[in-house]
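Close look at the chain arrangement
Residues per chain, in single letters:
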Amino acid sequence: MKKLTIMAMTAMLASACNAPKEETTVAPWSIDRFADIEVLRYEVPCFESLSLQQKKLVYYLSEAALWGRDILWDQNCKYNLQIRTICENIYTNYKGDKNDAEWKAFEQYMKQIWFANGIHHHYSNAKFVPQFSETWFVEQAKAAGNDSTCLDTDSELLRAVFDPDFMQIKVNQADGADVIATSANNFYEGVTQSEVEDFYAKMKDPKDATPVMFGLNSKLVKEDGKLVEKTWKVDGMYGETISHIVYWLEKAATVAENDQQKAVIEKLVDYYKSGDLKDFDEYSILWVKDLDSKVDFVNGFIESYNDPLGLRGSWEGLVNFKDSANTARTEVISENAQWFEDHSPVDPRFRKSEVKGVTAKVITVGILAGDSYPATPIGINLPNSNWIRAQHGSKSVSIDNITAAYSAAASGNGFNEEFMWSETEIEHAKKYAHYVDNVHTDLHECLGHGSGQLLPGVDPDALKAYGSTLEEARADIFALYYMADPKLVELGVMPTADAYKAGYYQQMMNGLMTQLVRIVPGESIEEAHMRNRALIAYWTLDRAAADAKANNCEPALSIEKRDDKFAVKISDYEKLRTYFGELLGELQRIKSEGDFEAGRQLVEKYGVKVDPELHAEVLKRYETLNLAPYKGFVNPRYETVTDANGEITDVKVVYGEGYVDQMLRYSHDYSANR
Ligand code: ZN
């Protein structure tokens with residue numbers, strides 16, 4: 001059993017990479033700011049210490065990743081690519097006054113849709129409201145040489161930009177609505193929610209122990225009254241773009257680090273050619289077993305958050321390599337997975353008797369693409385197929401160079417001073433928050449998602465539209481419960497017995513109050529991860545209040561006024577942990593039994609609604625700090641050095657590119673339609 005302390009880890013980090021530094025530097029971290037967005041750079045430490053073969057592999061896989069961009073744009077809304085082209089033409093050809101209010105509003109809109117990969121906000125899913133006039137837009141579009149047929153008054157394209165009631169939300173999860181017909185994504189056309197549910201219910205064989213993920217790589221449309229899947233593959237929908245991805249994947253296969261990795265890449269190519277979801281499952285199994293390679297990647301139709309029914313995968317790409325020093329920490333957690341499972345405060349029937357293949361590592365990303373760009377996750381756990389996870393395990397990663405960039409950009413911005421209860425919490429956060437945050441991600445990804453089991457015969461999709469939120473809540477509450485366990489100190493994962501308090505405070509403050517800065521007044525919470533955080537925090541707040549009333553004592557968790565402003569107060573951390581244990585038990589029961597109604601009630605009661613008074617105050621205080629609630633990243637560039645024969649002799653990472661330049665370059669270089 002390895003023991004790893006925070007001190008030992010810092011020492012390891014310092015000596016992790018002795019390769020000479022490139023002249024180009026990542027600073028400044030923050031490079032653009034507009035609307036509610038801040039754009040940052042991230043650094044790719046230790047890229048120089050990779051072998052030439054590994055550098056080439058990163059380069060080829062990066063090209064394969066960047067080529068998927070337009071697929072995501074089209075998946076997000078069918079007018080996105082057309083609108084982007086018109087806007088980019090205006091942006092690059094504009095000859096007028098750049099202090100003009102219409103231009104300034106347009107420039108912001110352009111930057112917003114680049115960031116969101118379309119006309120809907122990447123997080124809230126609500127359509128952007130342009131602050132420039134339709135007349136100005138049409139004039140500029142025509143002057144920039146755009147095809148004017150789609151610019152007729154009341155054309156669907158103009159309505160997509162300007163009509164607030166047309167395609168107003170990308171993913172609609174409103175209780176009681178037809179979530180398919182009312183969502184503006186491009187996964188379905190001319191079909192209703194019940195038609196989709198019937199279509200897939202008929203395909204599912206309850207006796208099939210290894211079902212494919214139906215609908216993952218296609219669009220469902222109605223043709224001549226019949227439902228048809230349009231499959232995304234080389235000779236299908238998105239064929240031209242996918243051919244480019246395949247071209248770079250085939251190059252990557254020639255420089256794979258070992259036979260296992262080569263087989264992974266070749267299987268992915270097979271799948272892109274066949275469109276057969278059985279090939280995707282075979283690929284996923286090969287991928288999950290590729291544990292020896294330094295370089296790894298995600299490339300394909302992966303997460304289903306953009307489909308209200310959770311079937312269709314948004315295109316995503318990511319290339320990374322292992323951060324060996326930090327990985328030691330997650331290995332300790334993984335090696336003890338069975339201990340955590342056995343001690344989990346859930347009904348023993350819902351525990352896995354044997355936790356398989358929970359592997360975890362800390363990675364350095366080299367490129368972000370598709371649904372991971374520019375806004376990006378800080379942890380990933382794949383594959384998503386339930387039976388593959390159960391039989392073959394899953395791979396979990398935390399992305400350290402991204403969290404490092406976040407904290408570098410955020411240090412000293414005044415946020416904690418404004419919102420935390422007292423100096424004690426602020427000091428505690430300074431000492432432990434970044435580290436404990438990483439441990440939280442590790443526990444969520446390595447153990448949380450992989451823990452527990454369904455009772456025999458329970459449909460994995462039983463929780464339907466609430467499935468994503470409840471699954472994230474289950475993984476988060478698992479992490480919260482164990483974060484405070486003395487076992488983590490014993491294992492050397494946590495530096496002290498009370499470091500977890502920084503994590504508890506942060507999570508409660510975020511779920512109860514500060515994540516509201518991401519919500520527009522009057523809107524409710526839509527995004528699955530945000531719903532999960534609100535669900536946990538508000539359930540616990542209720543639980544603490546009831547407990548306090550019953551026992552006539554101070555609540556362990558409360559929202560109180562401090563200097564006439566709301567702040568979260570935690571008076572008893574240990575009690576908080578016992579509540580988290582109870583909620584973990586209930587969330588696991590809901591998942592294991594497929595209890596849709598109980599899950600729906602939890603989400604609707606605690607995860608969706610916003611207290612308008614608290615919300616207004618949080619927004620006002622946040623505004624005075626002048627911070628951006630959302631952050632994302634530009635990628636570095638990879639430049640090849642070649643010899644006289646055109647052979648690559650080195651690959652260099654370069655950081656200088658700006659946000660606008662990168663977006664325009666991607667549209668130009670990675671678009672099959674140009
Ligand atoms: Zn998760």
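Up top is the structure these notes are about.
Residues numbered from 1 in each chain as written. Predicted model: local features only at pLDDT ≥ 70, side-chain atom pairs only at ≥ 80, totals over all residues. Heavy atoms only, no water.

This paragraph deals with the overall build of the protein chain. Of the regular secondary structure elements, the protein chain holds 25 helices and 15 strands. Its C-alpha atoms give the protein chain a radius of gyration of 25 Å, within 12% of the compact-globule value 26 Å for 674 residues. Summarising its shape, the C-alpha atoms of the protein chain cover approximately 70 × 55 × 55 Å along the three principal directions. Once local pairs closer than 6 in sequence are excluded, the contacts in the protein chain between residues at least 24 apart make up 74%. When the accessible surface of the protein chain is totalled, it reaches about 27,000 Å², and 50% of it is carbon and sulfur. Both charge centroids of the protein chain, one from 72 positive and one from 104 negative side chains, sit 2 Å from each other. (Helix = DSSP H or I, 4+ residues; strand = E, 2+ residues; numbered from the N terminus. Rg over C-alpha atoms; globule rule 2.2 N^0.38 Å. Contact = heavy atoms within 4.5 Å. Areas by Shrake-Rupley, 256 points an atom, 1.4 Å probe, with all protein chains shown as cover. Lys, Arg positive; Asp, Glu negative; His and termini not counted. Charge placed at Lys NZ, Arg CZ, Asp CG, Glu CD.)

For the zinc ion, the full set of protein donor atoms is His444 (NE2), His449 (NE2) and Glu472 (OE), at a range of 2.1 to 2.2 Å. Site description for the zinc ion: donor spacing in sequence, H-x4-H-x22-E. Residue class for His444 comes out buried when judged on its relative accessible area of 7%. (Donors = N, O, S within 2.8 Å, 3.2 Å for Na, K, Ca; no water. Buried < 20%, exposed > 50% of the residue type's maximum accessible area, 1.4 Å probe, protein only.)

The tally for this structure, following the rule as stated, stands at four cavities of 30 Å³ or more. In this structure, the largest cavity occupies an estimated 130 Å³ of space. Surrounding the largest cavity, 13 residues form its lining, Phe280, Ser284, Ile302, Leu382 and Pro383 being those nearest its centre. Only helix 11 (277-289) and strand 6 (295-301) provide two or more residues apiece to the lining of the largest cavity. Of all the elements, helix 11 adds the most residues to the lining of the largest cavity, at four residues. Put simply, the second largest cavity is a space of about 70 Å³. (1 Å grid on protein atoms, 1.4 Å probe; cavity = no way out; pocket = protein on both sides within 12 Å on 5 of 7 lines; lining within 4 Å. Points joined across faces, edges and corners; volume = space filled by probe spheres on them.)

Within the secondary structure layout, Gln338 lies in helix 13 (residues 337-342). Remark: the alpha-carbon pair of Gln338 and Ser451, spanning 113 residues in sequence, is separated by 9.3 Å. Other than its neighbours up to four places away in sequence, Gln338 contacts Lys352, Ser353, Glu354 and Val355.

Moving on, we get to the sheet that holds strand 1 (residues 30-34). Reading across the sheet, the three strands line up as 1-2-13 and stay open at both edges, with mixed pairing between neighbours. At either margin of the open sheet sits one strand with a lone partner, and together these are strand 1 and strand 13 (630-634). Within the sheet, the average angular offset between the axes of one strand and its neighbour, ignoring direction, is 25°. Bridge count between strand 2 (residues 37-41) and strand 13: five bridges; the pairing is parallel. Following the sheet pairing, Arg41 is matched in strand 13 by Val634. Against the sheet, helix 5 (residues 101-116) touches strand 1, strand 2 and strand 13, its axis set at about 115° to strand 1. Along the sheet, helix 25 (residues 659-669) contacts strand 1, strand 2 and strand 13; its crossing angle with strand 1, the most-contacted strand, is approximately 85°. (Pairing = 2+ DSSP bridges. Axes fitted to C-alpha atoms, helices over the stretch in contact; angles between N-to-C directions.)

So, on to helix 20 (residues 500-512). With 13 residues, helix 20 ought to run about 18 Å at 1.5 Å a step, and its terminal C-alpha atoms sit 18 Å apart, in line with that. Taking burial as the measure, the 13 residues of helix 20 include 10 buried ones, the bulk of the element. (Expected span 1.5 Å × (residues − 1).)

Another point: the sheet that holds strand 4 (residues 218-223). Here we have three strands laid out as an open sheet, ordered 3-4-5, and mixed in their pairing. If you trace the sheet from one side to the other, it starts and ends with strand 3 (188-189) and strand 5 (226-231), each paired once. With two bridges connecting them, strand 3 and strand 4 associate as parallel partners. Note that in strand 4 the partner of Glu189 across the bridge is Val221.

For the pair helix 20 and helix 22 (residues 573-593), interaxial distance at closest approach is 11 Å and the crossing angle is 65°. Between helix 20 and helix 22 lies a crossing of left-handed hand. Between helix 20 and helix 22, the contacting residues are Tyr500, Lys501, Tyr504, Tyr505 and Met508 on the first element and Tyr573, Glu574, Leu576, Arg577 and Phe580 on the second. When the residues that make up the contact of helix 20 with helix 22 are grouped by side-chain class, the tally is seven nonpolar, no polar and three charged. (Left-handed = near helix turned anticlockwise from the far one by under 90°. Nonpolar A, V, L, I, M, F, W, Y, C, P; charged D, E, K, R; others polar.)

With six of six residues buried, strand 10 (residues 394-399) lies mostly within the body of the structure. The alternating pattern of strand 10 places Ser394, Ser396 and Ser398 and Lys395, Val397 and Ile399 on opposite faces, both of which are buried. When strand 9 (residues 379-382) meets strand 10, the two strands line up antiparallel, connected through four bridges. Its bridge partner being in strand 10, Leu382 is matched across the sheet by Lys395.

Centre-to-centre distance and the angle between the planes together describe a pair of aromatic rings. According to the stated counting rule, one finds 44 aromatic pairs in the structure shown. Considering the side-chain rings of Tyr272 and Phe301, the 6.4 Å spacing of their centres and the 75° angle between planes classify their relative orientation as edge-to-face. Here Tyr272, found in helix 10 (residues 259-274), pairs with Phe301, found in strand 6; they are 29 residues apart in sequence, far enough to count as distant. When the centroid spacing of 4.8 Å and the interplanar angle of 85° are considered together, the rings of Phe340 and Tyr482 count as edge-to-face. Of this pair, Phe340 sits in helix 13 while Tyr482 is found in helix 18 (residues 467-483), placing the two residues 142 residues apart along the sequence. (Phe/Tyr/Trp six-rings, centres within 6.5 Å; stacked < 30°, edge-to-face > 60°.)

With that settled, the discussion passes to helix 18. Here helix 18 contains 17 residues, and its C-alpha end-to-end distance of 24 Å stays within 8% of the 24 Å for a straight helix at 1.5 Å per residue. Within helix 18, 15 of the 17 residues are buried, which leaves it mostly tucked inside the rest of the structure.

What follows concerns the pattern of salt bridges. Throughout the structure, instances matching the rule amount to 44 salt bridges. Here Arg589 makes a salt bridge to Glu593, at a shortest N to O gap of 2.7 Å. One end of the pair is Arg589 and the other is Glu593, both in helix 22 and four residues apart, which spans about a single turn. (Salt bridge = Lys/Arg side-chain N within 4 Å of Asp/Glu carboxyl O.)

As a further point, take the nonpolar core. Grouped together as the largest cluster of nonpolar side chains are 211 residues, with contacts concentrated most on Phe106, Phe137 and Met508. Setting aside residues no more than four positions away along its own chain, Met508 makes contact with Leu480, Met513, Ile536, Ala537, Leu557, Val568, Ile570, Leu576 and Phe580. (Core = buried A, V, L, I, M, F, W, Y, C linked by side-chain atoms within 4.5 Å.)

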